[in-house]
Amino acid sequence: MQLPFFFEEIFPPSDQFFLSESSSRHIVQVLRMNEGEMIQLTNGNGYLLTAEIVSSHKKKTEVKILERILTSANQPKISIAISFIKNAGRFEWFLEKSAEIGVSQIIPLICNRTEKFHFRNERMKSILISAILQSRQVWLPELAEPVSVMKLINNMSYDQKFIAHCFNEEKIELKDAPFKPFSSKIILIGPEGDFTIEEVEAAIEKGFSPVSLGETRLRTETAGLVAAVLLKNGKTIKK
């Protein structure tokens, strides 16, 4: 049976410390755990700690670290730059699922056709934390600050860069793209009205390869998730 899994943003250097109030409350009031029972902790930066409860208190449960394991970051780095959408709940669904898949970075994108949005950083970060705890991962995806698509394409250094759009122009299927081994990858996903032709042309001029995500037209959040799966699990070309 797996041990209960918690997120603590900061790990003190000592082997014995107090947990945050939110973790403490869940341990005591929800799980009803007591002294001597075991839990696991992560800080989202690769650490997995196994700890024993020394004293249980709903505001400051004390634990003793028995084991520390540091796991290397997910390789290769995969970033999804995706436009905000009008329905905040659908965007949050994308955040949750992409974190479960193991995406490295999510960049909220502001495009010409992006509708009005409210960037709630703390709420979005809490969704990502819940997702990695659910999927028992130790690396929290980086949530970047919102950025305009034009600024992004002019200041992005990745080994492989893609842009998904719906124009009837020459493009390859992302599932057939020749992924290079150990290469960092980014894909741009546009708003509900798609990118403008000017945005697409500007990205191509900066080295972004135009791709299709399939025969059907997908919602923005669905397109983002499909792209995440394909980039995460795509086959790499042989040297």
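A word on the environment of Pro 181
Relative to the helices and strands, Pro 181 resides in the loop between strand S11 (172–173) and strand S12 (185–189). By relative accessible area, which is 26% here, Pro 181 ends up partly exposed. Residues Pro 181 and Pro 76, spaced 105 residues apart in sequence, show a C-alpha to C-alpha distance of 8.0 Å.

Points about the sheet that holds strand S1 (residues 5–7)
Strand pairing in a sheet relies on backbone hydrogen bonds. The paired strands run either parallel or antiparallel. The strand order across the open sheet built from five strands is S1-S3-S4-S5-S2, with neighbouring strands paired in mixed fashion. Each of the sheet's edge strands pairs with one partner strand only, and the pair in question is S1 and strand S2 (16–18). Strand-to-strand twist in this sheet, taken as the mean axis angle between neighbours without regard to direction, amounts to 40°.

Concerning the packing of aromatic side chains
Taken as a whole and judged by the stated rule, the model has six aromatic pairs. Note on Phe 84 and Phe 119: the rings are 6.0 Å apart at their centroids and 70° apart in plane angle, and the pair reads as edge-to-face. Of this pair, Phe 84 sits in the loop between strand S6 (78–83) and helix H2 (88–101) while Phe 119 is found in the loop between strand S7 (105–110) and helix H3 (121–134), placing the two residues 35 residues apart along the sequence. In textbook terms, an aromatic cluster arises when at least three aromatic residues are bridged by ring pairs, as seen for Phe 84, Phe 91, Phe 94, Phe 117 and Phe 119. One cation-aromatic arrangement involves Lys 60 over Phe 18; the distance from NZ or CZ to the ring centre is 5.7 Å.

How each quantity is defined
Residues numbered from 1 in each chain as written. Predicted model: local features only at pLDDT ≥ 70, side-chain atom pairs only at ≥ 80, totals over all residues. Heavy atoms only, no water. Helix = DSSP H or I, 4+ residues; strand = E, 2+ residues; numbered from the N terminus. Buried < 20%, exposed > 50% of the residue type's maximum accessible area, 1.4 Å probe, protein only. Pairing = 2+ DSSP bridges. Axes fitted to C-alpha atoms, helices over the stretch in contact; angles between N-to-C directions. Phe/Tyr/Trp six-rings, centres within 6.5 Å; stacked < 30°, edge-to-face > 60°. Lys NZ or Arg CZ within 6 Å of the ring centre and 35° of its normal.

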